[in-house]
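Spelled out from the first residue to the last, the chains are:
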Amino acid sequence: MDYPRSIGTGSKRSDGTGIGTVYPAQAVATDANTTPAIPGYLQDIYRWAYLDNRNARILDRELIVKAILWGQHRRLQQAAFAEIKPGQQVLQAACVYGQFSPALAQHIGSDGHLEVVDVAAVQVNNCRRKLKHYKNAEVRHQNVMHLRGYEVDIACSYFLLHEVPDDCKSDVANVLLDSVRPGGKAVFVDYHKPHWANPLKYFTSLVFETLEPFAKGLWRKEIAEYGGNDERFVWHKEVYFGGLYQKVVATRLN
Ligand SMILES: C[S@@+](CC[C@H](N)C(=O)[O-])C[C@H]1O[C@@H](n2cnc3c(N)ncnc32)[C@H](O)[C@@H]1O
């Protein structure tokens, strides 16, 4: 497969914050048969969280995920799983800390198939370890933005979009939409702009401004818009926890 040659990390702002950095949508060069390059935003913003083995071991616990999501993780996971039936073929875009993937493999059962795709070797190895007892699941080392030719029942993104730059949000959304067969669904669970009266709104805003520079892209724009309001799909959105989280389901008509 042909991809643009390596651009590596984005072009940095002179203050060194990384915020305002331009991360080209195709920020990496890779080939299906080679190790994918780490996207610039992951290297610059999330290295500590996803590329460091020791930190990954600490963070990869249900309790941590539960705390980060204000105790809503189980509810949000159930909301995602409610869209997925046993026996279905599922593409999961990016690894998730905790037991999300083993629970999903369990949920779809032995007639189903789960493929998790992640660009970071640390995460791929970690997830392979968690899924080693599930014969219906595999983990692929690849950049989600470079996936082509998939035809699955469900393409699922669980808290990936808020971590990628806005132009990459569109790339991820479009790749996932293109992977869904007629009758199937793309399921996105992620952050959302909280209701004005949500007491967590200002704290979340501070966290995003400090640690998650691309998250507010989901406050400004609907996930359906990132997916180009693709007319092959019927779009449905539900919000949770005072609007802090959302589930968007795009069901493919034809
Ligand atoms: C799903 S997101 C965040 C999930 C959530 N914060 C959690 O509890 O883990 C984190 C993952 O996305 C992966 N990732 C980021 N950009 C990616 C891309 N373009 N392709 C594949 N994986 C990507 C990272 O390597 C990391 O494993």
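Analysis parameters
Residues numbered from 1 in each chain as written. Predicted model: local features only at pLDDT ≥ 70, side-chain atom pairs only at ≥ 80, totals over all residues. Near = placed C-beta within 6 Å. Nonpolar A, V, L, I, M, F, W, Y, C, P; charged D, E, K, R; others polar. Helix = DSSP H or I, 4+ residues; strand = E, 2+ residues; numbered from the N terminus. Buried ≥ 20, exposed ≤ 12 C-beta atoms within 10 Å, placed from the backbone. Contact = placed C-beta atoms within 7 Å. Pairing = 2+ DSSP bridges. Right-handed = clockwise from strand over helix to strand, strands pointing away. Arc of directions from axis to C-beta. Core = buried A, V, L, I, M, F, W, Y, C linked by C-beta atoms within 7 Å.

K.L.:
Describe the site of the ligand, with residues and values.
P.N.:
Around the ligand, a shell composed of 21 residues is seen, among which Ala94, Tyr97, Ala120, Gln123 and Val144 lie nearest. By residue class, the composition of the shell around the ligand is 17 nonpolar, 2 polar and 2 charged.

K.L.:
Can you break down the environment of phenylalanine 100 residue by residue, with the values?
P.N.:
Along the chain, phenylalanine 100 falls in helix H6 (residues 100-108). On the neighbour-count criterion, phenylalanine 100 (25 C-beta atoms within 10 Å) is buried. In this structure the C-alpha to C-alpha distance between phenylalanine 100 and lysine 130, which are 30 residues apart in sequence, comes to 9.9 Å. Look past the residues within four positions of phenylalanine 100 in its chain and what remains in contact with it is Gln77 and Tyr158.

K.L.:
Help me get a handle on the pairing of strand E3 (residues 137-141), residues and values and all.
P.N.:
Relative to E3, strand E2 (residues 113-118) is paired through 5 bridges, and the arrangement is parallel. Bridge pairing in E3 links valine 116 to valine 139. Each parallel crossover has a hand, and for E2 linked through helix H7 (residues 121-130) to E3 it is right-handed.

K.L.:
Go over H6, please, and point to the residues and values.
P.N.:
For H6, the complete set of buried residues consists of Phe100, Ser101, Leu104, Ala105 and Ile108. Down the axis of H6, the buried side of the element spans an arc of 130°, and every buried residue falls inside it. Those residues of H6 hidden inside the fold are in contact with helix H5 (73-81), strand E1 (89-93), E2, H7, E3 and strand E4 (152-158). Trailing H6 by a residue or two, glycine 109 shows a phi angle of about 75°, which is positive.

K.L.:
Report on the nonpolar core, specifying residues and quantitative values.
P.N.:
The biggest cluster of nonpolar side chains holds 61 residues, and the ones touching the most others in it are Ala93, Ala155, Cys156 and Val172. Ranked by residue count, the leading element in this core is strand E5 (residues 180-191), at 6 residues. Leave out the neighbours within four places in its chain, and alanine 155 touches Leu91, Ala93, Leu176, Ser179, Val180 and Ala186.

K.L.:
How would you sum up the environment of tyrosine 150? Please name residues and give values.
P.N.:
When you line up the elements, tyrosine 150 lands in the loop between E3 and E4. Those residues in contact with tyrosine 150 that lie beyond four places of it in its chain are Leu91 and Ser179.

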